[in-house]
Every structure is written in structure tokens, then in C-alpha cells.
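Fold and contact review
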Amino acid sequence: MSMRAFRVAYDGRPYHGFQRQPDVPTVEGRLLAALRALDVLDADEETPPGYAAAGRTDAGVSAVAQTVAFEAPEWLSPATLTSELPASVRAWASADAPAEFHATHHARSREYTYYLHAPDADLSRTRAALDRLAGSQDFHNLTPDETGTKRDLSAAVSRDGPLLVLSFRAGGFARQLVRRLVSVVAEVARGESSLDRIDRVLSPEPLSGPEGVPPAPAYPLVLAGVEYPDLPFESDPDAVPAARELFDAQRTEYTVRARVAETIAENIDH
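Just so you know, these numbers come straight off a predicted model, no measurement behind them.

Re the side chain of Arg-179
Mapped onto the secondary structure, Arg-179 falls in helix H4 (residues 177-189). Given a relative accessible area of 13%, Arg-179 falls into the buried group. Setting aside its immediate chain neighbours within four residues, Arg-179 contacts Asp-58, Pro-214, Pro-215, Ala-216, Pro-217, Ala-218 and Leu-221.

The following block contains the structure:
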């Protein structure tokens with residue numbers, strides 16, 4: 001047994017977040033069940049030795065590069081782990097790690113991508129809002145957490161048709177921080193608020209009542225990357241094709257669903 005790290009991609013919509021919880025489906029719960037099915041984890045153990053994950057995504061949030069690490073047998077490949085996982089969760093790469101490696105504490109940065117449907121949003125206003133939010137800030141007004149609210153944030157935006165693709169990178173993120181960042185940026189981008197709104201959100205005074213910033217919906221958010229500078233991940237050639245096939249099939253399914261919904265919407269009352 002030696003320390004190994006695994007990259008895991010998943011569709012977060014069927015799950016109540018990443019972190020295991022009693023009586024509801026979670027991504028971590030499915031991962032640990034797979035390890036039990038493979039006899040990597042004993043029935044009376046909660047987690048394998050050294051186990052940790054890069055982050056705890058909220059309910060509905062998806063991931064490309066969630067990372068879990070633990071003491072694993074040499075034969076446990078991403079493809080083998082995937083063989084006991086539900087179709088919505090795929091392990092696709094792995095790396096040998098030092099014995100003291102911790103997937104949470106040793107991550108240098110995490111990157112999230114949010115796909116915001118905002119066809120009428122102004123791109124220059126969006127960039128101005130992100131510029132105001134970037135840098136070393138105390139985001140206490142954008143998270144329910146009472147500690148760990150100071151972060152050094154970098155952010156960017158690009159347009160993809162009707163979507164604004166918002167990217168956020170930091171060493172770590174407080175609870176709901178990314179989704180609330182999206183909400184306040186969307187207000188400014190759509191002209192619903194001025195840039196002064198950003199200054200108010202970042203001020204030391206707490207927001208209350210109607211001033212508060214609600215989290216944006218979870219499903220357009222993806223954990224896109226977790227950086228470990230000294231960990232050389234290798235894609236598993238037996239796991240990657242099946243993972244791509246799964247998400248390509250989802251893309252096709254939702255393209256068709258969107259066209260069906262468009263047809264219905266266009267023909268109601270005709």
C-alpha cells in the first residue's frame with residue numbers, strides 16, 4: 001500500500017454535494033462504497049488511511065478534477081475504481097504521492113468555472129466587476145462562514161454565445177463564495193446594480209436583509225482544476241475513453257432536450 005491521488009470527474013446534479021452524509025446520495029459516499037466493493041476499504045472503516053479530498057463541492061456542483069488521495073494498493077487504477085462507481089462518477093487519472101501527502105492541505109490553488117446564461121450582459125461591465133473583486137479581499141459578505149473569509153482571488157470572463165464563462169481561482173474558497181460572486185457580478189453585468197455595489201459587498205460592514213447576496217444556482221458550476229505542482233498525474237488510457245463517452249452522451253442528450261423545449265415554447269398558443 002502506498003499513497004495515491006486520483007482525479008475524479010462527476011455530474012453533481014444527482015448528489016447532495018461531495019461530502020458524505022447519512023441517508024442521502026453524495027459523491028464521496030459513492031467513492032467509499034466503491035472502495036468497499038473492491039476490498040480496499042474494510043466494512044468497519046469509514047475511510048482508508050491518509051484519506052482526504054481537494055474540496056467539498058455543494059449539492060448540484062460538478063467537477064472535472066476533484067482529487068482524492070489515500071493509501072491504495074498498486075493494482076487500484078482509475079479504471080478499476082470506476083468499475084464500481086455509478087455512471088455519473090468517473091475516475092480518470094492518478095499519481096503516486098509522498099506518504100505525507102494531503103489532498104486538501106497541499107493544493108496550491110483551485111479553479112471554478114461558472115456558465116452564466118446572460119445574453120444581454122455587458123462584457124465590459126462584467127470585467128470591471130471582476131477587476132474590483134480580484135486581489136486579496138475579505139469576502140465575509142459572500143459566505144455563511146465566519147472564518148476563512150480572506151482570499152486572494154483572480155477572475156476572468158469570456159463570452160460563448162449567450163453564456164458568460166466566469167473563471168475564479170484562489171488557494172481555497174469559503175462556502176458558497178463562488179456562487180455569490182457570480183450573483184453580484186451578474187447584477188452589475190446586467191445593469192441591475194452599479195459598480196458601487198461591489199464596494200458595498202467588500203466593505204467591513206455586514207450586509208443584511210435585502211442588501212444580501214444570494215448564491216447563484218449550483219448546476220452551472222464546475223470544479224475545473226486543482227493544482228498540485230509536484231504531483232505528475234497520468235491519464236488512464238483504460239478510463240479516459242469511457243469518461244468522455246459518458247459526458248459526450250450527456251451533451252447530446254441535453255442538446256436534444258433543449259431543442260424539444262424550444263419547440264414547445266415557440267408553439268404554445270399557436
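Things to note about the pairing of strand S5 (residues 109-117)
Here is the key point about a regular strand: its side chains alternate between the two faces of the sheet. Taken together, the six bridges between S5 and strand S9 (residues 221-227) define a ladder with antiparallel strand orientation. Following the sheet pairing, Thr-113 is matched in S9 by Val-222. As paired elements, S5 and strand S8 (residues 163-170) share eight bridges and run antiparallel to each other. From the neighbouring strand, Thr-113 faces S8, where its bridge partner is Ser-167.

Description of the pattern of salt bridges
Tallying each qualifying case throughout the model produces 14 salt bridges. With a closest N to O distance of 3.3 Å, Glu-46 and Arg-20 form a salt bridge. One end of the pair, Glu-46, is in the loop between helix H1 (27-37) and strand S2 (52-53); the other, Arg-20, is in the loop between strand S1 (2-10) and H1, and 26 residues separate them in sequence. Given the relative accessible area of 57%, Glu-46 is considered exposed.

Re the environment of Asp-131
Within the element layout of this structure, Asp-131 appears in helix H3 (residues 123-133). Overall, Asp-131 belongs to the exposed group, its relative accessible area being 58%.

Describing the pairing of S1
With respect to burial, S1 is a largely interior element, eight of its nine residues being buried. Of the strand pairs in this sheet, S1 and strand S3 (residues 62-72) are connected by eight bridges, and their pairing is antiparallel. Bridging from a neighbouring strand, Ala-5 pairs with Ala-69 of S3. Where S1 and strand S4 (residues 89-96) come together, seven bridges link them in antiparallel fashion. Among the inter-strand pairings, Tyr-10 is bridged to a residue of S4, identified as Val-89.

Some remarks on empty space enclosed by the protein
Per the stated rule, a full pass over the model turns up one cavity of 30 Å³ or more. Estimated volume of the largest cavity: approximately 30 Å³. In terms of lining, the largest cavity is formed by Leu-31, Leu-32, Leu-35, Tyr-51, Val-68, Phe-70 and Leu-81. With three residues, H1 is the largest single contributor of residues to the lining of the largest cavity.

Some details on the packing of aromatic side chains
According to the stated counting rule, one finds six aromatic pairs in the structure shown. For the ring pair Phe-6 and Phe-70, a centre distance of 5.4 Å and an interplane angle of 15° mean the geometry is stacked. Here Phe-6 is found in strand S1, whereas its partner Phe-70 is found in strand S3, with 64 residues between them in sequence. You can call Phe-6 buried: its relative accessible area is 0%.

Here's the deal with helix H6 (residues 240-267)
In this model H6 runs 41 Å from its N-terminal to its C-terminal C-alpha over 28 residues, within 8% of the 40 Å that 1.5 Å per residue would give. If you check which residues of H6 are buried, you get Val-240, Ala-243, Leu-246 and Gln-250. Looking at the buried positions of H6, the neighbouring elements they touch are S4 and strand S10 (234-235). Immediately downstream of H6, the backbone of Asp-269 shows phi near 75°, a positive value.

A look at the layout of surface pockets
A probe matching the size of a water molecule, rolled over the atoms, marks out where space remains unfilled. Considering only enclosed or pocket space, the largest pocket measures out at about 1,100 Å³ in volume. Ser-62, Tyr-115, Val-222, Phe-247 and Gln-250 are the residues nearest the centre of the largest pocket, which is lined by 30 residues in total. Among the elements that line the lining of the largest pocket, the one with the most residues is H6, at nine residues. Looking at the lining of the largest pocket residue by residue, the class counts come to 19 nonpolar, six polar and five charged.

Criteria and cut-off values
- Residues numbered from 1 in each chain as written.
- Predicted model: local features only at pLDDT ≥ 70, side-chain atom pairs only at ≥ 80, totals over all residues.
- Heavy atoms only, no water.
- Helix = DSSP H or I, 4+ residues; strand = E, 2+ residues; numbered from the N terminus.
- Buried < 20%, exposed > 50% of the residue type's maximum accessible area, 1.4 Å probe, protein only.
- Contact = heavy atoms within 4.5 Å.
- Pairing = 2+ DSSP bridges.
- Salt bridge = Lys/Arg side-chain N within 4 Å of Asp/Glu carboxyl O.
- 1 Å grid on protein atoms, 1.4 Å probe; cavity = no way out; pocket = protein on both sides within 12 Å on 5 of 7 lines; lining within 4 Å.
- Points joined across faces, edges and corners; volume = space filled by probe spheres on them.
- Phe/Tyr/Trp six-rings, centres within 6.5 Å; stacked < 30°, edge-to-face > 60°.
- Expected span 1.5 Å × (residues − 1).
- Nonpolar A, V, L, I, M, F, W, Y, C, P; charged D, E, K, R; others polar.

Keep in mind that these numbers describe shape and distance, not what the molecule does.
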